Amino acid sequence: MQHEREAHVFIFPLPLQGPVNCMLKLAEILSINKIKVTFLNTDYIHQRLCSHTDVPIRFRNYPDFCFRTVPDGLPEENPRTGTEIGNLLESMDASAVPIFREMLLTAETPVTCLIADGIFTFATDVAAEIGAPLLYFDTVSPCGLWTYLCLPKLIEAGEVPFKDDNLDEMIINAPGMEGIIRRRDLPSFYRTNDLNDQIIQLVLREDEHIPLAQGVIFNTFHHLEAPILAQLRTVCPNIYALGPLHAHLKARLASWEARPTTSNSIWEEDGSCISWLDKQPSKSVVYVSIGSLAVMTRDQMCEIWHGLVNSGVRFLWVRRPGSVTGDSDETGIDQELARGTEERGCIVRWAPQEEVLAHPAVGGFLTHSGWNSTLESMVEGKPMICWPYFVDQQVNSRYVEVVWKVGLDMKDSCDRVVVEKMVREVMESRKDEFLKGAEEVAESARAAVSPGGSSFADMDRLIEEIKTMKIAIK
Ligand code: UDP
């Protein structure tokens, strides 16, 4: 029997900065549209959001919105960096999933739609149990997800594991990516000989579960990834391309009330870098950040540092606490580095990134190619120098250089000479060319999230469908 109920969306993001950030933006758009939303955070994430942002106050504007929390099961001191994702998921299976299931089964207002991260394969069973539709939200890039979905075929065709060490070999069995993707442009964890590897197995499980959802949400826009979205529709026909979500939320808030969006950061933002940027000439600064999960060795940090200083270009560098592995001691650094940094650099622990990228003094972004960072850079028309770390980032950086033509891919090299050369190219010798390409992409991104745009229309469709979703009453 089907019975109509008040729409109630339950959102469960992967408890990491990027996914939490963009799912909160989606939650806010649904709340503006008077849809009841429950948002499930881990205690770790929630406590950090409450310490470093106005999230609790901001969401009090929406009477039908509420946060719930679950433990992630990891010890407090676990760094929760990229290398820990497998452990995080395993530990959540034991600690968070049973509580999450119980929450849904006993919800006072029955949940009529579950939105969960695409990696949460357990969500299909729980959604079936409560009789509610499940929408997966894959917060990685669609081109990245497509390389996940192609993995069974790549294994069957003998392309993965790689037969030899030649990472420049083109990939053949990823439809739509012919002539674009080389072995080195696949997610870095494909560089294994062991198909029983924990992350490879996670990806294969995700591949089986994605088609079981009623729809898949992406933080992208039609104009950017139309060919890949067409490929994805062969696996999951009902796709909502709602991005770039940070710009989309701003567009919706602008018509709702004049209120700036503020941060969803789980680290304290150092606003002093904005005052520093205010003193720099237009488009003179390269912004450097490897996001919330990536790490680098001290040697890699020194190569980047030398490259930046040797380029002579001004730089704003985010050095997230814990992002340099091993010995991160900076005593005894080169005098030349210290002088170059004092003259032209600014180093902070965490920055208000959207504001930084929007700042007129910023002319380029040396990034790890995380999907949120890539979209945030695109919306502001800032060309990128890409140094990918893992998951979808190897794919994103390739697309930035050869498909979207908004930057350079430094992939697999971290050498001061290469850093210097690429920074000079993006910021000086090929500046006009990259800025022109980046501005075109920015215009199409902004158009997508404006009334009449493709992402705006997809969001309206999602809102309408959520309002009419029914649960099966047993
Ligand atoms: N970010 C930030 N301040 C910083 C560095 C990053 O606010 O100093 C934000 C950035 O705006 C983005 C998120 O952290 O929204 C990082 O997500 P992304 O998908 O780019 O990479 P991840 O951290 O998941 O690897």
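Criteria and cut-off values
- Residues numbered from 1 in each chain as written.
- Predicted model: local features only at pLDDT ≥ 70, side-chain atom pairs only at ≥ 80, totals over all residues.
- Heavy atoms only, no water.
- Helix = DSSP H or I, 4+ residues; strand = E, 2+ residues; numbered from the N terminus.
- Salt bridge = Lys/Arg side-chain N within 4 Å of Asp/Glu carboxyl O.
- Buried < 20%, exposed > 50% of the residue type's maximum accessible area, 1.4 Å probe, protein only.
- Near = heavy atom within 4 Å.
- Polar contact = N/O pair within 3.5 Å; in protein donor to acceptor, adjacent residues only side chain to side chain.
- Arc of directions from axis to C-beta.
- Contact = heavy atoms within 4.5 Å.
- Pairing = 2+ DSSP bridges.
- Axes fitted to C-alpha atoms, helices over the stretch in contact; angles between N-to-C directions.
- Core = buried A, V, L, I, M, F, W, Y, C linked by side-chain atoms within 4.5 Å.
- Parallel < 35°, antiparallel > 145°, perpendicular 65-115°, else oblique.
- Left-handed = near helix turned anticlockwise from the far one by under 90°.
- Nonpolar A, V, L, I, M, F, W, Y, C, P; charged D, E, K, R; others polar.

1. What to know about unusual backbone geometry
1) Next: In the segment running from V160 into P161, the intervening peptide bond is cis, with an omega of -5°.
2) Next: A cis amide bond links G243 to the next residue, P244, at an omega of -10°.
3) Next: If you trace the backbone, P244 turns up in the loop between strand 8 (239–241) and helix 11 (245–256).

2. Some words on the pattern of salt bridges
1) Next: Counted according to the given criterion, the structure contains 26 salt bridges.
2) Next: Residue D412 is joined to R184 by a salt bridge in which the shortest nitrogen-to-oxygen separation is 2.8 Å. Placement of the pair is D412 in the loop between strand 16 (407–409) and helix 18 (416–429) and R184 in the loop between helix 8 (151–156) and helix 9 (198–209), with a sequence separation of 228 residues.
3) Next: For R184, a relative accessible area of 18% puts it in the buried group.
4) Next: The partner of E343 in a salt bridge is R344, with the nearest N and O atoms 3.4 Å apart.
5) Next: Overall, the relative accessible area of 56% leaves E343 in the exposed class.
6) Next: A relative accessible area of 19% places R344 in the buried class.
7) Next: By sharing partners, the salt bridges in this structure join D168, R182, R184, D185, R191, R398, D409, K411 and D412 into a single network.

3. Section: the site of the ligand
1) Next: Around the ligand sit 20 residues in total, of which N21, S292, A351, S373 and E376 are the nearest.
2) Next: Within the backbone of W371, a nitrogen or oxygen atom sits 3.4 Å from an oxygen atom of the ligand.
3) Next: Taking N372, its side chain carries an N or O atom lying 2.9 Å from an oxygen atom of the ligand.
4) Next: Of all the elements, helix 16 (residues 371–379) adds the most residues to the shell around the ligand, at four residues.

4. Considering the environment of L316
1) Next: Tracing the backbone shows L316 in strand 11 (residues 314–318).
2) Next: Taking C-alpha positions, L316 is 36 Å from S91, a pair spaced 225 residues apart along the chain.

5. Side note on helix 7 (residues 142–149)
Since there are 3.6 residues in each turn of an α-helix, residues three or four apart along the chain are aligned in direction.
1) Next: Of all eight residues making up helix 7, eight are buried, and the element is well covered by its neighbours.
2) Next: Those residues of helix 7 not exposed but buried are P142, C143, G144, L145, W146, T147, Y148 and L149.

6. Thoughts on helix 5 (residues 97–105)
1) Next: Of all the positions in helix 5, only V97, F100, M103 and L104 are classed as buried. The buried residues of helix 5 all sit within an arc of 120° when viewed along its axis, so they share a single face.
2) Next: Those residues of helix 5 hidden inside the fold are in contact with strand 2 (8–12), strand 3 (36–42), strand 4 (65–70), helix 4 (85–95), strand 5 (113–117) and helix 6 (123–130).

7. Thoughts on the side chain of S141
1) Next: Residue placement: S141 occurs in the loop between strand 6 (134–138) and helix 7.
2) Next: Aside from chain neighbours lying at most four places away, what touches S141 is W371, D392 and N396.

8. Overview of the sheet that holds strand 9 (residues 285–289)
Strand pairing within a sheet occurs via backbone hydrogen bonds; the two strands may be parallel or antiparallel.
1) Next: In space, the six strands of this open sheet follow the order 13-11-9-14-15-16, with parallel pairing throughout. With partners counted over all chains shown, the strands left at the sheet margins are strand 13 (345–348) and strand 16, one partner each. Averaged over all neighbouring strand pairs, the angle between strand axes comes to 15°, with direction disregarded.
2) Next: In this sheet, strand 14 (residues 362–367) lies alongside strand 9 in parallel orientation, the contact comprising five bridges. The residue of strand 14 that forms the bridge with V288 is L366.

9. Focus on the nonpolar core
A general trend in soluble globular proteins is that nonpolar side chains are found buried together.
1) Next: The biggest cluster of nonpolar side chains holds 139 residues, and the ones touching the most others in it are L26, L30, I115, Y190 and L316.
2) Next: No other element matches helix 1 (residues 17–32), which puts nine residues into this core.
3) Next: Sequence-distant contacts of L30, defined by excluding residues within four places in its chain, comprise V9, I11, I35, V37, I115, I463 and I466.
4) Next: Core analysis: the second largest hydrophobic core is formed by 29 residues, M301, I304, F315 and M422 among them.

10. Quick word on the packing of helix 4 against helix 9
1) Next: Contact geometry of helix 4 with helix 9 gives a least axis separation of 10 Å together with a crossing angle of 60°. Compared by their axis directions, helix 4 and helix 9 come out oblique. Where helix 4 crosses over helix 9, the two elements pack in a sense that is left-handed. Contacts between helix 4 and helix 9 involve G86, N87, L89 and E90 on the former and, on the latter, Q198, I199 and L202.
2) Next: Here the residues of the contact of helix 4 with helix 9 are counted per class, giving three nonpolar, three polar and one charged.

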